[in-house]
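Spelled out from the first residue to the last, the chains are:
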Amino acid sequence: MTRANARLAAERAPKPVRDGVGGQGVLVLGTVQLGVPYGVANRVGQPGPAAAEAILAEAARLGVTHLDTARAYGTSERCIGRAAPRGMRVVTKVAPLEPGETDAARAVRESVERSRAELGAHGERLAALLLHRMADAREGAWDVLRDHRDAGIAERIGVSVQNPAELLAALRLPGIGYVQLPFNLLDRRWLDPAVTGALAARPDLVVTVRSVYLQGLLLAGRDVKWPGVPDPDRDALVAAIDALVRDLGRTGRADLCTAFALSHPWVTSIVAGAETAAQVRDTAAATARPPLTDAERGEVLARLPAGPADLVDPSRWRTR
Ligand SMILES: NC(=O)c1ccc[n+]([C@@H]2O[C@H](COP(=O)([O-])OP(=O)(O)OC[C@H]3O[C@@H](n4cnc5c(N)ncnc54)[C@H](OP(=O)(O)O)[C@@H]3O)[C@@H](O)[C@H]2O)c1
């Protein structure tokens, strides 16, 4: 792409916010950062109560409608219950079942009760209720989620998955309406035609992608160690990302990361976390810009190699 074309691309009008089903905008605020000290690129630790409130208020001010949390995210649900502006909708996840749990249905019911108690008014009608682990979709647990949807406690039910095999299994669950999966510009696992075909066949589904910045690592670039990647390989990847930012007329790495994710027709929205209000502003500005065109996405795929499995799947990082 010439520089003139890049400038034109940069000046295209921002696309209208996609009305993700249920009025969910393209940006969902991730809130694990509000509940635990978290993230390889996190330099400030867990925000205190005032800072957490400022993050939530800034997100609402910028038009973010939905918050992503989980029973497993420490005090995140309590923080939302206390400080999230009225009207923000919540997606939460059931506490992972303990190994050897014999009454999965009871454990799921108790987890949802605790979540709703912590969330207060925000828990009255959840935008979505997800299993945090696909392995937990067993022995009555899924039926409990269906009961909650039928009772109007959750608008949609679904699963947060880790890999394509889990996604394909989740799509077979009766009544599933929401999936969350990890995806970023070095992660090619989801581009297999078997996966994209299965998602294309389900336009009714909300598909939210997390880890678009790989917990901030893709933005921090050379400033942090990359799990499973020697420093010289990391430096070459960062140089290639920065060259794409320049050549495609993007405003920075965050803009490239979000524009890549949102250019996929099966992606409804991204969930991105922040430990400062400034980071919320960065991501909101990035997601307000147009996604990559098909040709631009092709360029990213051609110029960036697939990241190793140990890098693109944070659940495999030894630092966690
Ligand atoms: N300008 C900037 O520098 C700037 C701007 C915006 C963001 N950021 C950085 O980017 C980060 C967000 O990155 P992101 O959006 O790619 O990631 P993210 O969405 O915040 O997190 C990705 C996922 O990691 C998982 N996770 C949960 N608990 C965890 C734990 N204790 N340790 C590690 N992972 C855990 C969660 O998924 P599961 O529940 O499925 O495990 C979470 O949804 C921010 O925290 C910030 O540091 C920087």
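The preceding data block contains the structure.
Everything numeric here is computed off the predicted structure, so don't read it as measured data.

Asks: Explain the overall build of the protein chain here, please?
Replies: What the protein chain contains, in helices and strands, is 14 helices and eight strands. Counting every position in the protein chain, which comprises 320 residues, the buried fraction comes to 53%. Accessible area for the protein chain stands at about 13400 Å²; split by element, carbon and sulfur atoms hold 54% of it.

Asks: Whenever I open this one, the pairing of strand S7 (residues 206-210) confuses me. Can you help?
Replies: For S7, a buried count of five out of five residues is recorded, marking the element as mostly surrounded by other parts of the structure. Across the two faces of S7 the burial is the same, with Val 206, Thr 208 and Arg 210 and Val 207 and Val 209 all buried. Relative to S7, strand S6 (residues 178-182) runs parallel, the two being bridged by five bridges. Each bridged residue has a counterpart across the sheet, and for Val 179 the counterpart in S7 is Val 207. As for the winding sense of the linkage, the β-α-β connection from S6 through helix H8 (residues 193-200) to S7 is right-handed. Where S7 meets strand S8 (residues 269-273), two bridges bridge the pair, whose relative direction is parallel. In the strand pairing of S8, Val 209 is matched with Ile 270.

Asks: Which parts of the structure should I look at to understand empty space enclosed by the protein?
Replies: To find leftover empty space, a probe the size of one water molecule is rolled over the atoms. Considering all chains together, one arrives at two cavities of 30 Å³ or more under this definition. When its volume is computed, the second largest cavity comes out at roughly 30 Å³. Lining the second largest cavity are Leu 27, Leu 29, Ala 272, Gly 273, Ala 274, Gln 279, Val 280 and Thr 283. Sorting the residues of the lining of the second largest cavity by element identifies strand S1 (27-30), S8 and helix H12 (277-287) as the ones contributing at least two each. At three residues, the largest contribution of residues to the lining of the second largest cavity is made by H12. Partitioned by chemical class, the residues of the lining of the second largest cavity number five nonpolar, three polar and no charged.

Asks: Help me out: how do you make sense of unusual backbone geometry in this one?
Replies: Glycine aside, a negative phi is what most residues show, and trans is what most peptide bonds show. Phi is positive for Ser 211, which is not a glycine, with a value near 60°. With respect to the helices and strands, Ser 211 occurs in the loop between S7 and helix H9 (217-220). Of note in the backbone geometry, Leu 214 takes a positive phi value of approximately 50° without being a glycine. Along the chain, Leu 214 turns up in the loop between S7 and H9. Residue Leu 214 is classed as buried on the basis of its relative accessible area of 0%.

Asks: So what exactly am I meant to see when it comes to the packing of helix H10 (residues 231-247) against helix H13 (residues 294-303) here?
Replies: In helix packing, the relevant descriptors are the interaxial angle and the interaxial distance, both defined with respect to the helix axes. At a minimum axis distance of 10 Å, the contact between H10 and H13 shows a crossing angle of 160°. Between H10 and H13, the angle is such that the two are roughly antiparallel. Once H10 is placed against H13, the crossing between them reads as right-handed. When H10 is examined against H13, the residues Ala 240, Ala 243, Leu 244 and Asp 247 are found in contact with a partner set consisting of Glu 299, Val 300 and Arg 303.

Asks: Got a minute to help me understand the packing of aromatic side chains in this structure?
Replies: In this description, an aromatic ring pair is defined by two values, namely the gap between the centres and the angle between the planes. By the definition in use, this model includes two aromatic pairs. Ring centres 5.2 Å apart and planes at 50° place the aromatic pair Phe 183 and Trp 266 in the tilted group. With Phe 183 in the loop between S6 and H8 and Trp 266 in the loop between helix H11 (253-262) and S8, this residue pair connects regions lying 83 residues apart in the sequence. With relative accessibility at 0%, the residue Phe 183 sits in the buried group.

Asks: Honestly, the sheet that holds S6 in this entry has me stumped. Any pointers?
Replies: The pairing of strands in a sheet comes from backbone hydrogen bonds and takes either a parallel or an antiparallel form. Reading around the circumference, S1-S2-S3-S4-S5-S6-S7-S8 is the order of the eight strands in this closed barrel, with parallel pairing throughout. Pairwise comparison of adjacent strand axes, ignoring direction, gives a mean angle of 30° for this sheet. Strand contacts of helix H6 (residues 141-150): strand S3 (89-94), strand S4 (126-131) and strand S5 (154-160), with the helix running at about 155° to S5, the strand carrying the most contacts.

Asks: Please clarify how helix H4 (residues 76-83) should be interpreted in this entry.
Replies: Among the residues of H4, Ser 76, Glu 77, Cys 79, Ile 80 and Ala 83 are the ones counted as buried. Projection of H4 onto a plane perpendicular to its axis shows the buried side chains occupying an angular sector of 160°, all on one side. If you follow the buried residues of H4, they end up packed against helix H2 (32-35), helix H3 (49-61), strand S2 (66-68), S3 and helix H5 (104-119).

Procedures and definitions
Residues numbered from 1 in each chain as written. Predicted model: local features only at pLDDT ≥ 70, side-chain atom pairs only at ≥ 80, totals over all residues. Heavy atoms only, no water. Helix = DSSP H or I, 4+ residues; strand = E, 2+ residues; numbered from the N terminus. Buried < 20%, exposed > 50% of the residue type's maximum accessible area, 1.4 Å probe, protein only. Areas by Shrake-Rupley, 256 points an atom, 1.4 Å probe, with all protein chains shown as cover. Pairing = 2+ DSSP bridges. Right-handed = clockwise from strand over helix to strand, strands pointing away. 1 Å grid on protein atoms, 1.4 Å probe; cavity = no way out; pocket = protein on both sides within 12 Å on 5 of 7 lines; lining within 4 Å. Points joined across faces, edges and corners; volume = space filled by probe spheres on them. Nonpolar A, V, L, I, M, F, W, Y, C, P; charged D, E, K, R; others polar. Axes fitted to C-alpha atoms, helices over the stretch in contact; angles between N-to-C directions. Parallel < 35°, antiparallel > 145°, perpendicular 65-115°, else oblique. Left-handed = near helix turned anticlockwise from the far one by under 90°. Contact = heavy atoms within 4.5 Å. Phe/Tyr/Trp six-rings, centres within 6.5 Å; stacked < 30°, edge-to-face > 60°. Arc of directions from axis to C-beta.

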